Each structure stands twice: as structure tokens, then as C-alpha cells.
Amino acid sequence: MEMPSGGVLPSLSKVVGLEGDKSSIIKFEFNPKDGIDNPALSLTEDMDGEGVGEPRFYLLSKGSGETFGFCLHEELGCQGHVIRQVEPGGLAQRRGLQDGDRLLQVNGHFVDHMDHCRVVQKIKASGNEVLLAVLDGNTYEAAKALGTDLSQMLPADIRPRLCHVTRDKSGFGFSVSGPEGMKGTFQLSVQQDGPAERAGVPPGSWLLELNGSSVRSYSQTQLTRKLKQSGTKVTLLVASSAVEEFYRLRGLRVTAAFADTSWLPFKVRELHMVKGPAGYGFLLKEDDCSSGATGQFLWDVDAGLPAEQAGMKEGDRLLAVNGESIEGLDHQQTVLRIRAHDDQVTLLVIDPAGDEFYQSIGLSPLLFLEDSDPASGCCTSSLPSPSGSPGLCHIEVGPKGLGSRLVAAANSIGFTQSPRREEQRRLHQAF
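The structure presented is a predicted model; accordingly, all values stated were derived computationally and were not measured.

Rules and cut-offs
Residues numbered from 1 in each chain as written. Predicted model: local features only at pLDDT ≥ 70, side-chain atom pairs only at ≥ 80, totals over all residues. Heavy atoms only, no water. Helix = DSSP H or I, 4+ residues; strand = E, 2+ residues; numbered from the N terminus. Buried < 20%, exposed > 50% of the residue type's maximum accessible area, 1.4 Å probe, protein only. Areas by Shrake-Rupley, 256 points an atom, 1.4 Å probe, with all protein chains shown as cover. Core = buried A, V, L, I, M, F, W, Y, C linked by side-chain atoms within 4.5 Å. Patch = residues over 30% accessible without salt bridge, like charges linked within 9 Å, V, L, I, M, F, W, Y side chains within 5 Å. Salt bridge = Lys/Arg side-chain N within 4 Å of Asp/Glu carboxyl O. Lys, Arg positive; Asp, Glu negative; His and termini not counted. Charge placed at Lys NZ, Arg CZ, Asp CG, Glu CD. Arc of directions from axis to C-beta. Contact = heavy atoms within 4.5 Å. Phe/Tyr/Trp six-rings, centres within 6.5 Å; stacked < 30°, edge-to-face > 60°. pLDDT = per-residue confidence, 0-100. Pairing = 2+ DSSP bridges.

## Observations concerning the overall build of the protein chain
- Regarding its fold elements, the protein chain presents 9 helices and 20 strands.
- Each of the 431 residues in the protein chain was classed as buried or not, and the buried ones make up 52%.
- Summed over all atoms, the accessible surface of the protein chain reaches about 19500 Å², with 50% contributed by carbon and sulfur.

## A word on the nonpolar core
- Ranked by internal contacts, the top residues of the largest apolar core, which has 40 residues, are L162, Y247, L348, F357, Y358 and L363.
- Contributions of two or more residues to this core are made by β2 (56-61), β7 (129-135), α3 (137-145), β13 (233-239), α6 (241-249), β17 (316-321), β19 (344-350) and α9 (352-361).

## Some details on a negative patch on the surface
- Judged by side-chain charge, E286, D287, D288 and D330 come together as a negatively charged surface patch.
- If you trace the backbone, D330 turns up in the loop between β18 (324-325) and α8 (331-338).
- Assessed through its relative accessible area of 36%, D330 is described here as partly exposed.

## Remarks on α6
- Within α6, the full set of buried residues consists of V243, E244, F246 and Y247. Taken down its axis, α6 places every buried residue within 155° of arc, on the same side.
- Lining the buried residues of α6 we find β2, β7 and β13.

## Things to note about the packing of aromatic side chains
- What the rule picks out here adds up to 7 aromatic pairs.
- Where F266 meets F357, the ring centres are 4.8 Å apart and the plane angle is 25°; that geometry is what we call stacked. Pair noted here: F266 is in the loop between α6 and β14 (269-274) and F357 is in helix α9, with a separation of 91 residues, a long-range link.
- Relative accessible area serves as the criterion here: at 4%, F357 is assigned to the buried category.

## Describing the confidence of the model for the protein chain
- Across the protein chain, the average pLDDT comes to 74, with 73% of residues at or above 70.
- Mean pLDDT values for the elements of the protein chain range from 33 in strand β1 (residues 14-16) up to 96 in helix α4 (residues 195-198).
- Across residues 1-51, confidence stays below pLDDT 50; counting only partners more than four residues off in sequence or on other chains, it has 111 contacts.

## Thoughts on the environment of D300
- Mapped onto the elements, D300 comes out in the loop between β16 (294-299) and α7 (306-310).
- The sequence separation of D300 and K313 amounts to 13 residues, and the corresponding C-alpha distance is 9.0 Å.

## With respect to the pairing of strand β3 (residues 71-75)
- Counting buried positions along β3 yields 5 of 5 residues, so the element is predominantly enclosed.
- Going residue by residue along β3, you find C71, H73 and E75 tucked away on one face and L72 and E74 tucked away on the opposite face as well.
- Here 4 bridges tie β3 to strand β4 (residues 78-84), and the two strands are oriented antiparallel to one another. If you follow E75 over to β4, its bridge partner there is C78.
- Count of turn residues in the β3/β4 antiparallel hairpin: 2 residues, of which G77 carries a positive phi of about 80°.

Printed below as a string of C-alpha cells:
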């Protein structure tokens, strides 16, 4: 999406009312003078290497059969999430990642404080494209020694916002305006206390996507028609002028994968269970998702047994077992991961309405696991350590827990671990 310099549009001569019943990614090539193949991804505007000590941003986009070309480590005696084994000539090296860099952000989420497996999960859930912010190792260690808040080294609020608006009798509660004759440039005016404002749409924000599709090629007439075809619900990806400028200056395409989803009504839920004599009390069944893909669903939740006590609902879709995504796996592969441990399990699930929403926009709900709900102030809880975490439901399962009615933990996200943990803790994941 393009916007005139300074964020000021020409006079807005067309206004599309939506009230009542009125019915590129920029390609960069290597430049020896700049020294890297995409200098615009550096947080600083310096192109001669003087930006050492500042966070750097890299958008990695790979094909379905490719890797990102690096490993993420958690190491004893080495703070942070460490970039290692940067593949020579691979995607990560070509973009500028270096061995020893520390990962600070994944798709705009600050991750330095997160458990290692959660960070790995975020990268995996991002699919074939991920936006990373890193800091060189020496600067990171020095900042930690000084007690620096690393989140303050990053620009504030660089995420667009994903909002799901339900129409009421007055309409969607927003109108769209843009310069006459210019495609893809739409600014939103929001009705006070209307559906759009209640759904989190900021006044004056720029519209980037409508129902999962970019609007950059839409004319005013096309946008109006798409909105009318949306029926009673519409999903908007919007950004402030500052957020739009941040990505545009770095040659980055803004997508919903980077979005703040805290205003969405659809949340991933975490269920933690420990074996006991009565079984888990649910059935794991493979079925088709609304998108046509195959998924694993939870049914026949028995009243009073551990699954119900943990908050499992009929028709929940299983997303992950002990932090490891099962999306794309068949039934037998999922069962094997579930059976890996027999004492406890952590499941990540989403209800049918949430599953249908994320299927419709083509994104994994695991991308947004850490987003909080501003209306309630609550946040999706983090994955527990092997010994469990305060505030989680511990659930028992016995003989009934095996067979077709089972849940048991899988090993966490494919980490390899040194047998002598006291010498070297080697949690790592290749991407």
C-alpha cells in the first residue's frame, strides 16, 4: 500500500458510506556499496555498518520445500534465544542473520522473555514467511549486564491490527475515503461506540486487507461491492500511519501474520492434564475442516471427567500437543505424538467458531497465542514446565485413557537435548 510522503493524502473527494442499509513486496538486489542485499530491513537508516548495536529486522520468505536456513538455540551460560548454524548461502545468511545474534521479536511479538519452546512454536506457526528482529550478541550481553529493558530498544507498536466487525442495525460503524482515481488507498472514519469501534478499529487507520485479501488493487467501487458481499460480518486488517510507514520504508509488505489480534473474540485455549484412574474422557476424531483440509477434533467429552474439567468443549479442534503443532499431521501421527508420554499432556485447542474464522483468513491461530484480550485483561497462559505451572488444571487419566480415547504428552517441538544437562543445555530447533 502506498501513501504520499508525510502521511498526508490529497483531498479526499470520494466518500463511501457504510452506515445503515445503504446497501508488494519490494525486490532488493545486492549492492556492493551497501554490503547487504536488503539494507532497508535495518532498523537504522545507516547503510555502512554503523548500525551495529541496534536491532535489525529481516523478513524471511521461503518456498514450501525450503528452510529458513538457521537454528535457534537455548544454551547454558548464554542468555537469550541464540541464532546458530546459519546455513552458508541459505536464506537467513543472504538476508543478514549472523551466528550469535539474539532473537528479540517474531512477527512483532517481543519474545526475549518467552520460554524457548513457545518461541519455536511461533516461528513454526508463521509458515513460509516470518519477520524477525535480532540484536548482535555483544550488544545483547552488554545490555543484559546493565539491566536494560530490551523491549525499549525496539520501536513501539509496529503491528497492524486485525478486527472482526459484526454489523448492527446502524451498519458496520465506519466509512471509507480515499483520493479520487487512486487504487488501494483507503482511510477509515469510525463511528463513536459503533460496531467498528467496539471491535477495535482505530479512527483514521488505513485499510490493508478485507476478509483476508489485500485491497491494494481495489477501486472505491470494488471495495464497496466487496463490503456489501460480506453480509453481517467483516474482517479488517488496519494500520496507523506510523505502522504503515515503518513497513513501507523497509520495503516490507504488511500482512495479517504480523497483526495484533487482541481485539478478536476467538482465542486459543490451553488444557493441561495429568493421568488418573478415570481416563481423560473424550474422543479424538479426524475430520474435514471448513477449508477442506483435514484436522483432529475432540468429541464425546464425558461429564465430570478430566477433559471437561480442563475446559474441553465438543467440537474443539486440536492444534498442538505439548507445544508441538499437529496441524498437517494425520490421525495416526497425532496419536503417536500423544502417546509419547503417559503421565501428563498439554493441549492447545480452539472452538469451532474460532477455527472457522482462522480457516477463512488462511492463518494458524497458533501465530497469535500470546495476544491479550484488552476487554478482560487476561492473556493466554504460557506452556507449563515439565513439573507444571501455577493456575493450570491438573487432570488424571487411567485405563480408559488409551486406545481411541486417549491423550498423552508428546516430546516438545523436536528439541534435541544433551544427556549431560549440567554441562551444556542444548535445546535447539532448525528452521
